[in-house]
Each structure stands twice: as C-alpha cells, then as structure tokens.
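Structural overview for review
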Amino acid sequence: MRDVADALPTLIVEEGGTDVLLIGETVNVIKLQFEHKLIAQNGLAWPPMVKVAVGNEALIKLKTSVEGQSSCVVRSPRGQEFDIFNTPPSDKYERWSDGCGVRIKDVRSEDLGRWRLSSTRGNNSLTGWSELHVLEDTTRYDAPPISLQDGAQAKVELSSLDNSYCVVAKPFSDSSLVPGKCSVTLDRTTRAVQGNWQVYLGLPGQVSELQTNRHVTVHTERLDVGYVHANKKIHLYCNILNSDKEITFCRFQKASNMYGFNVVDGLSDGTHSYYGEGFALKQCGMTIESPKRQDYGSWRCSVGVQMLVGTVMQPQTPMQALISVPVPKTLNSVANADDKELMSVFVTVDSPFTISCHAEVSLNYCWFQHPNGTQFTPVASEGAGQLFWYTGQGLDLGDCGVTFAHANSSDSGIWKCYMGPRGTAGIEMTDKVQVRVTGPLAANKQRVSVSVGDSATLYCHTANGRRALNYCRFLSPKFLGLSVDETVTKNKAILDRFYFTPNRSIDVGDCSLNIISVQEEDVGEWTCAAVVDGEVLESRDTVTLYIGDQSYPLYQAGLIGTAVGVAVLVFVFIGFMGYKRGWYQLLGLRPARQDSSAFSEAPVTFSTRSRSLTSTTLSSCSSEDSAVQRQ
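Below, the structure is looked at part by part. (Residues numbered from 1 in each chain as written. Predicted model: local features only at pLDDT ≥ 70, side-chain atom pairs only at ≥ 80, totals over all residues. Heavy atoms only, no water.)

**Focus on the nonpolar core**
Core analysis: the biggest nonpolar cluster contains 30 residues, and Leu-458, Phe-474, Leu-513, Trp-526 and Leu-545 have the highest contact counts within it. Secondary-structure elements contributing two or more residues to this core are strand S36 (441-443), strand S37 (447-450), strand S38 (456-462), strand S41 (498-500), strand S42 (510-515), strand S43 (524-530) and strand S44 (539-547). Among all residues touching Leu-513, those that are not within four sequence positions of it are Ala-456, Thr-457, Leu-458, Phe-474, Leu-482, Val-484, Phe-498, Tyr-499, Thr-501 and Trp-526. Ile-234, Phe-261, Met-286 and Cys-301 belong to the second-largest nonpolar core, a separate cluster that totals 23 residues. (Core = buried A, V, L, I, M, F, W, Y, C linked by side-chain atoms within 4.5 Å. Buried < 20%, exposed > 50% of the residue type's maximum accessible area, 1.4 Å probe, protein only. Helix = DSSP H or I, 4+ residues; strand = E, 2+ residues; numbered from the N terminus. Contact = heavy atoms within 4.5 Å.)

Shown next as structure tokens:
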C-alpha cells in the first residue's frame, strides 16, 4: 500500500455503475455522482477528438491508467472489443504508449466514430473515449490563376482548404510561414511577384504537407488601341484595361492637326461618331464614315479619367496613345520616298542641349547612341546634378527625347535614336540627329551644292535656340562684304543679286542670304558673322559653295588640276632623261666593268627608300645633266 500523500487522484468511471473518485488505494471512498458521465469519460482520453485523413494513422490513449493495470480493452465504433496487451485481431491495431493506448493504422471511413479505452486491474477500471473523424485524403489541390493589378494593394487568397498554416515561396524571394488561413497581403503589387508561387499547406488529418502551385499574373493598367477597317468605315478604339478608373471624356485628334473630335456615346456630326460599348465599360472609340485620304495616318486618342480617392471621385491625368492607320494601296499605290532632311541640333560648349525623335506609334522604350558608340537611355528628371534626363510629351505619344546638362566638342557628330514600338516585337525603329557644337552663330549647312546661274541660300542662325542678332553680315570668297537684314528684299537686292531670305528675321537669330544667280566668283568659302544679343564678341561660321557633285570648290579643283599637270610634265621629263642616259646613271648607279654580253644580262637595281620626286630631286638631276654635257 502506498502512502496517501504519494498517490495521485484517480477517477474511476464504470459505465452503467457508480462513479467514484478513488484516492490511492485507501479504504476511504468518496462517491461522486456525475450528471454527464460521457463528458467525464471523454476528458480522460487523449486527444478527446482526432481528425485523420484516409490512409493515415490514429493514435489514442488514456491520460491516466490504473496503477498496475492488467489489461487495456479497446472498443471500436462498430462494437468490436479486444485487449491491446494480448494479440490484436489484426495488424491494423498496435499498442501505443506505456499506458493504455492504441495505434489504428490505415484509417478508413468505417473507423469513424467513438473509440473507448478501458484500463483495468481487478475490480478497478478507468474508461475514456475519443471521437475519431475521418477526412478525405487530399493529395492534390487545383485552383485557377490569380490576377492582380499592378500598383494596387492586394490580399492574395492562396487556399480555400481548411489548413492550419501554409508556407509561401514567391518568385525571387524568401519563403514565409503564414499561420491560419493561407493568404498574403501585398502593400503594393509589382510585376516582380508575377509567376508561379509554391505553397505548402498543413492540412488537418495528414502529416505530410500538401504542395501546390498558384500562378500569379500582374496586369498593368494600359490603353488597348487599334483600328478596324470595314464596310467603308474606319473604327478607332482606345479602351482602358486593368483599371478601376472611370472615363469622363473621349477625344481623337489627327496628329497633323491642332483640332480634335469630342466623341460621346449617341452623338455624331454625320461623319464622326462614337464607337464602342459605352464609357461604363471603359471603352473610348470613334467611327469615321466614308474616310478620305487625309483620314489615314497617325491619330492621338485622349481618355479623361477619374477614380475614387477615399470617398471622393477625383480627376486623374488623362491617358493618351497613338493609333497609326496605314493608307490603303488603292489610295496610295506609289510608296512615298523618305526624303526627310536630317535634323540638326546646334549648341555651344557647356550649354544644355536636347536630342529628340518621334514615331507614329506609341513606344515601349527608346535609347540614344553617341557618335563614339556610348548608349544613353533617358530617365525621369530628378533634380539638380543629373547629367541627362527624358524630354518629351511621353512614350505613349511616340516622343523620345533626351536632354544633356552640358555639351562638349566630343558630342559633335551623328547621334542615332532607337525606338521600341509598344506591343510589337522585332526590329527597332531608328532615326538620326546631327549635333554640332559650335559658337553662338552657326551655319545650318556648311557645304551647299550649286550650279552656275542657279539661285542659292546661305543660312546661319544662333545656337542654343532663338536669340536676337545685333546685325548680320556676309563675306564672299572674293572678299566682298555684304550687310543684310529684312529690309534688303529681292526688289532691293544688292548688286541685283544679293538679298535677305524672306520669312526670316535677325530678331529671332537668322542671318540668311539669298543669291539670285550664282556666278563663278561666288563659288568658294563664304563667312557669315553677327553679334548675338547678350554676347560681347562677334561670332562667325563658314559656308562653302561648290559646283554640282564636286567634292571640292571650283577654285580648289583648279589648284588640284594645276598640280596634276605639273606632275605629268615631271614624269615625261624623267622618262626622256632615262631613255637618253640610261636609268642606272640617272639613279647614280655605276655598272661593273665587264664585256657587253655580261652587261646586257646584269639586273637593274632601284632604290626603295623613296618613290617621290621633289623640286630638290629635279634640280639635282638638271645640274648633273649640265655637268655631263660640259664633260
């Protein structure tokens, strides 16, 4: 017999009998009457309730067993009883724990219900029960893709199962453990979270985690633009996708015109009308009936939008894009030649300058290549100290521009602009811009091709934009000085041949001269000069007139022709002297003494140190010839 102080209180419950609390094994018995006997029995088993998925194992035991128990009787929900200490009815059952417990293997639906365990020793017994819930074995979980909006806050629900936790591994990021319902909150959705998310779910009733993938797609707010050409009509559309914004107006403008069309559902002017399913569905479109030649080309669509900010609808920046409608072959059977003149940018040293190009479609990106091969991709302006930044109305409108804070002489040359059309993969669109780092006054073209008798224009203007000139003057190749301005018209031409170019003005930085009939004395290098307003020193540049396709001016060609003539006479003279005296004497070589037959077979040797003849060489040859004659 143990001492009462060392004994633990033991609750003995006999089904259908009297419920008593036996303390140790003393003769003092305290009888307790339970109103709900089953509840008391359920409290003795562990766990009181267990969820097990089909195919897994259930582990049930009594929290406390009778001291020195001799048997552990298990009773199944179907009434089957057996002592787990002795031989179980099948290998499905196995003793578990040091007390009274059972392992139920390969749980099936028929195992559902109440399992009783009774620990006994003689007349003493202790009984408890546990409720076994059998769940379906979840080996796979398929769910539809998840769509998110770029830039928005989102709560992403990853599972609809009754999981107790989950582990989430997003693309290119560390995994995270989420307790309870499997969901992840994104403060700001970006395209970096796009892709397959790996999710590991802890499900009730099964030990192994369930692995599943959830594909996440991030949609960016954008305009879906295009056109439909059918039934002698052009339908232009500019619809908003992936946005909570509402349309407030819809406008279309031909890129070559200043005016546009205010398109509203149910409104028409007989030629232009609304196209689409309505503003409520975020659709902006215009129909052009019986289009003409001028209705084709590049159109700009502008969509006014508003969105709910807090509890108030507030206007937002309009969304814009370009729509390029090609001209049908029936209206344009002959392709237009690309005769666009290369755009030039004139800038002084250390001044900011801008290079820009334009496409007839919306752009996804653009970049520039320096004449030395360096590449620049424009970025947004962020303040002082930035070396270059984007300039233009926006890539959506086909504008690609970059501004550099400082120009230096190495920036002169041909810059290339590369543009990537939006929604189209393939070869980039390209353009070229010529940059000239000059003084305050620069010639628009430094070389001008002319023909005698034709007219010509010499055009100089200010760099760094339009700035007024104090005066304008030109100096001809024959040093004829001309002072011109807007008052020197064609009717008042200087020498009846020179006058200021119409529609230009020195007030906006133009120094321009027209020549009515080019004469030979006009061919050559001209100088334009002026003092730019705000400058102290006079600025100059040169313009060279040359005939036709010649690479050099006429006077330079005359000099080259004279040089070629002199060279021909020199070679004729050398040939004559070689024939008269023999090449070996002319070159200062002395033949060895031998008979004539041997001499005729001797090779002739020439010096390879120099193959050019100078005036000094010719002079020495003439002196040697005179000396021979005197001998």
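Picking up where we left off.
**Topic: the state of the cysteines**
The final tally for this structure, using the stated rule, is eight disulfides. Between Cys-166 and Cys-182 runs a disulfide, and the two sulfur atoms are separated by 2.2 Å. Where Cys-166 bonds to Cys-182 through sulfur, the torsion about that S-S bond is close to 85 degrees, and the disulfide is right-handed. Separated by 16 residues along the polypeptide, Cys-166 in strand S15 (residues 165-169) and Cys-182 in the loop between strand S16 (176-179) and strand S17 (183-186) bring together distant segments of the chain. Classification of Cys-166 by relative accessible area gives buried; the value is 0%. Judged by its relative accessible area of 0%, Cys-182 is buried. (Disulfide = S-S within 2.5 Å.)

**Observations concerning the sheet that holds strand S22 (residues 246-254)**
If you walk across this open sheet you meet the four strands as S23-S22-S26-S27, and the pairing is antiparallel. Strands with a single pairing partner mark the edges of an open sheet, and in this sheet they are strand S23 (261-262) and strand S27 (312-325). (Pairing = 2+ DSSP bridges.)

**Things to note about the sheet that holds strand S40 (residues 481-483)**
An order of S37-S44-S43-S39-S40 is seen for the five strands of this open sheet, with the pairing classed as mixed. Looking along the sheet, the strands with just one partner apiece sit at the ends: S37 and S40. On average, adjacent strands in this sheet sit at an angle of 25 degrees to one another, irrespective of strand direction. Both strand S39 (residues 473-475) and S40 contribute to a ladder of three bridges, which runs antiparallel. Its bridge partner being in S40, Leu-475 is matched across the sheet by Gly-481. (Axes fitted to C-alpha atoms, helices over the stretch in contact; angles between N-to-C directions.)

**Observations concerning the pattern of salt bridges**
In total, this model carries 16 salt bridges according to the counting rule given. Close ionic contact of Asp-111 with Lys-92 constitutes a salt bridge, the shortest N to O distance being 3.1 Å. One end of the pair, Asp-111, is in the loop between strand S10 (101-104) and strand S11 (113-121); the other, Lys-92, is in the loop between strand S8 (81-83) and strand S9 (93-95), with 19 residues separating them in the sequence. Judged by its relative accessible area of 5%, Asp-111 falls in the buried class. Glu-94 is the salt-bridge partner of Lys-105, the closest N and O atoms lying 3.1 Å from each other. Highlighted residues: Lys-105 in the loop between S10 and S11 and Glu-94 in strand S9, separated in sequence by eleven residues. We classify Lys-105 as partly exposed; its relative accessible area is 25%. Shared partners join several salt bridges into a network, and the residues in it are Glu-57, Glu-94, Arg-103 and Lys-105. (Salt bridge = Lys/Arg side-chain N within 4 Å of Asp/Glu carboxyl O.)

**Details of the environment of Val-345**
Among the structural elements, Val-345 can be located in strand S28 (residues 343-348). Put simply, Val-345 and Gly-465 are 120 residues apart on the chain and 9.2 Å apart in space, counted from C-alpha to C-alpha. Val-345 has contacts with Phe-353, Thr-354, Val-433, Gln-434, Val-435 and Arg-436, leaving out every residue within four places of it along the chain.

**Describing the packing of aromatic side chains**
One pass over the structure, following the stated rule, counts 15 aromatic pairs. A centroid spacing of 6.3 Å and a plane angle of 70 degrees characterise the contact between Phe-353 and Trp-415, whose relative ring orientation is edge-to-face. One end of the pair, Phe-353, is in strand S29 (residues 353-358); the other, Trp-415, is in strand S34 (residues 413-421), with 62 residues separating them in the sequence. When the centroid spacing of 4.2 Å and the interplanar angle of 10 degrees are considered together, the rings of Trp-367 and Tyr-418 count as stacked. Taken as a pair, Trp-367 in strand S30 (residues 363-369) and Tyr-418 in strand S34 lie far apart in primary sequence, 51 residues in all. With a relative accessible area of 15%, Trp-367 lands in the buried category. A connected cluster of aromatic rings, assembled from ring pairs, spans Phe-353, Phe-376, Phe-388, Phe-404 and Trp-415. One Lys or Arg, Lys-61, reaches over the ring of Trp-46 and ends 5.6 Å from the middle of that ring. Positioned above the aromatic ring of Tyr-459 is the side chain of Arg-504, whose terminal nitrogen or guanidinium carbon lies 3.6 Å from the ring centre. (Phe/Tyr/Trp six-rings, centres within 6.5 Å; stacked < 30°, edge-to-face > 60°. Lys NZ or Arg CZ within 6 Å of the ring centre and 35° of its normal.)

**Points about the environment of Met-419**
You can see Met-419 is positioned in strand S34. Distance from Met-419 to Trp-367, taken between C-alpha atoms, is 6.7 Å for residues 52 residues apart in sequence. Discounting chain neighbours no more than four positions away, the residues touching Met-419 are Cys-357, His-358, Ala-359, Leu-363, Tyr-365, Cys-366, Cys-400, Glu-428, Met-429, Thr-430 and Asp-431.

**With respect to the side chain of Gln-69**
Locating Gln-69 in the fold gives a position in the loop between strand S6 (58-62) and strand S7 (71-75). A polar side-chain atom of Gln-69 sits 2.3 Å from a polar atom in the side chain of Ser-119. Excluding anything up to four places from it in sequence, Gln-69 contacts Phe-85, Asp-98, Gly-99, Cys-100, Ser-119, Thr-120 and Arg-121. (Polar contact = N/O pair within 3.5 Å; in protein donor to acceptor, adjacent residues only side chain to side chain.)

**What to know about unusual backbone geometry**
At the junction of Trp-46 and Pro-47, the peptide bond is cis and its omega measures out at -10 degrees in the coordinates. For Pro-47, the position within the fold is in the loop between strand S4 (45-46) and strand S5 (49-53). You will see that Asp-106, though not glycine, has its phi angle at about 45 degrees, which is positive. Along the chain, the position of Asp-106 falls in the loop between S10 and S11. Classification of Asp-106 as partly exposed rests on a relative accessible area of 35%.

**Some points on the side chain of Asn-239**
Relative to the helices and strands, Asn-239 resides in strand S21 (residues 233-241). Taking the relative accessible area as the measure of exposure, Asn-239 reaches 14% and is therefore buried. One polar contact links the side chain of Asn-239 to the main-chain amide nitrogen of Cys-284, over a distance of 3.1 Å.

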